[in-house]
Amino acid sequence: MLAGDRQLGKLAGILIAFIGVCSSGAVLSGEEQDVGLRPGVTLTVTDTFDGRPFSYQVTGITRKENYQVVFVRYPSPVESELPQNNIIPVEYYLPTDVSATGPKRPAVICLHILDGSLELVRMLGSVLASHGVAAVVFPLPYYGERGGPSGPRDILGKPQRFLRVLEQTYLEVRRATDFLASRPEVNPQRIGVAGISLGAIVAASAAEREPRIWRAALILSGGDILKIVATAREAEPLREFIGRLSEEERAKVIEGFREADPITGAHLLRERALAGRVLMINAAEDEVIPRDCTDQLAAALGIKDRVVWLEGLGHYTAIAALPEILQQTAGFFAQDVPEELQKARPIAESPTPLNRIAACLREMTQFYMEEPRAGTCHILHLASEVEGQTFDVLLIRGRGHQFRLEGQLGSFGRVMAGQGDYPWLVARTGKVFAGEPGAPLETKSPLTYVQGVLLERLRFTMLALAGLAGTPAALEPLLQIKEEKTQEGVSLTVWPAGNESSKITLTFGGLSNMPNVVGIALTDQSVTIRIKSWQLHAPVSAGVFSPPAGDSVQNVSRNDLYRMFGALVNFAAEQFP
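Scope of this entry: the structure provided in the associated data block.

Rules behind the numbers
- Residues numbered from 1 in each chain as written.
- Predicted model: local features only at pLDDT ≥ 70, side-chain atom pairs only at ≥ 80, totals over all residues.
- Heavy atoms only, no water.
- Helix = DSSP H or I, 4+ residues; strand = E, 2+ residues; numbered from the N terminus.
- Buried < 20%, exposed > 50% of the residue type's maximum accessible area, 1.4 Å probe, protein only.
- Axes fitted to C-alpha atoms, helices over the stretch in contact; angles between N-to-C directions.
- Parallel < 35°, antiparallel > 145°, perpendicular 65-115°, else oblique.
- Contact = heavy atoms within 4.5 Å.
- Nonpolar A, V, L, I, M, F, W, Y, C, P; charged D, E, K, R; others polar.
- Salt bridge = Lys/Arg side-chain N within 4 Å of Asp/Glu carboxyl O.

### So, unusual backbone geometry
Next, step 1: With a phi close to 60°, Leu-220 is a non-glycine residue in the positive phi region.
Next, step 2: Considering the arrangement of structural elements, one finds Leu-220 in the loop between strand S8 (213–219) and helix H5 (225–231).
Next, step 3: By relative accessible area, which is 3% here, Leu-220 ends up buried.
Next, step 4: In this model, Asp-224 sits at a positive phi of 60°, which is unusual for a non-glycine residue.
Next, step 5: Mapped onto the elements of the fold, Asp-224 is located in the loop between S8 and H5.
Next, step 6: The exposure class assigned to Asp-224 is partly exposed, which follows from its relative accessible area of 22%.

### Remarks on the packing of helix H8 (residues 266–274) against helix H9 (residues 291–301)
Next, step 1: Packing of H8 against H9 brings their axes to within 7 Å, and their N-to-C directions diverge by 75°. Considering their axes alone, H8 and H9 lie roughly perpendicular with respect to each other. Residue-level inspection shows Ala-266, Leu-269, Arg-270, Ala-273 and Leu-274 of H8 in contact with H9, the latter providing Ala-299, Ala-300 and Leu-301.
Next, step 2: In the contact of H8 with H9, the residues fall into seven nonpolar, no polar and one charged.

### Quick look at the pattern of salt bridges
Next, step 1: Within this structure, the stated rule accounts for 23 salt bridges.
Next, step 2: A salt bridge links Arg-212 to Asp-178; the nearest nitrogen and oxygen atoms lie 2.8 Å apart. With Arg-212 in the loop between helix H4 (198–209) and S8 and Asp-178 in helix H3 (residues 159–182), this residue pair connects regions lying 34 residues apart in the sequence.
Next, step 3: Exposure remark for Arg-212: the relative accessible area of 28% places this residue in the partly exposed category.
Next, step 4: Among the ionic pairs, Arg-215 bridges to Asp-336, the shortest N-O distance being 2.7 Å. On the criterion of sequence distance, the pair formed by Arg-215 in strand S8 and Asp-336 in the loop between helix H10 (322–334) and helix H11 (353–369) is long-range, its members being 121 residues apart. Grouping residues by exposure puts Arg-215 and Asp-336 together as buried.

Structure representation (structure tokens):
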């Protein structure tokens, strides 16, 4: 329905590959217990929404640091003409302290975005499990292994199939509810649903049709599907599909949209929404789900004044707020975790790989986002060889817009620049170009002329890193991490799960939060970066932000210097595509 959702999946993948893993947030204490889920076991669910029992088989288990993933397969309640579409492969995320006889915990059904990418909902499932909430993730009809050669495009092959898929999706949410309600570790009265973008629209309509759904979290959602389809650029394939239909078929599809629209059945969910059991998180500048569509659904649910708006973010740039979204959503469902399970996990005597990388991420984001305390500065000194070019750079960040940058910047040559009371730059000849101290200050930011896309990318990345440093489970299911002891200390190698072509290796010395060496291995290139110095809130030396003393000083326009600073940064960014 929202074809552009694949960009969300791509952005998530880029973010994952860039940042690696991060530390554990609050997790629950206890030891793993046997709940009867072992590979090869087949169990039957007798109490179902349609009165038809079904069986599920456990095909495998993967154990993580704070949770486990149980792989289960069971039949869809709807039989289609495509055999593989009739079997649902489910990933069941379980906290490590579950017990068949212990307190029962809440559970959540997580629904994915339109392109079928499961990365975002896997992240959500693992964060939920790390907060003591069970979760299930599965591909919707015709997605992933359930689809044919054309995947979900087959949905648009026939109008009858399209209409059947809408209903099949809701019935599969009800079957997932049956599965969870049958589990001895789950409280059948506290089953929820959560979705992102298309998944959120489906989640709202499914919750309306399934009265057993206790809570619903709708992320980047809205109503008035016909308006979304008519206006969103991403809905062009769907508009083309509708345009090819006969008048009679088109009328049936439009009527199917109206029936599927969460606004149509909002009255069935309104009581739960008014009781605080529906959470809506939306991007204030969403270019796919218009704000008016979100307002319509929220008003129909009676919670228009409770929508959580992500100010300044759009449908795709909302990825910058992903950690905040995951934490808020997990907290929303974790309200139903029994009080006796709400115990903090003891801190390990030695840092785990996840915790170590998290501490590294926190310090990285502090350098960029946190201003040094009065009388201090942040210091970064790193060196690298990139395609035969030498980079050896010292960056000192002060309060406000104070900074000092000096060193060798590849083929660009030797650089020395900074800003204290005014901006300055040292030419290769040794001449100091100084921003006129007495001139009106048009701007104080040395990044004024840096390419806007670079600044936006950096801002989104740092926001995500800052949040993910406290949200470990969000990335754990998508990445592999290997720890090795070396003469230099501890080496941690991180790579995306199932793809060893790109790896990042961090080598730590002693108990330092920052590595001494960072190795980046890509398919066709390898780069080693040595961190010579890293300090936060270090004592600042007098005059460190002033230009070197000398007789050769020329006053120039401050804005001209800011343009030069922008050229330096833009050039450096081009060296690391």
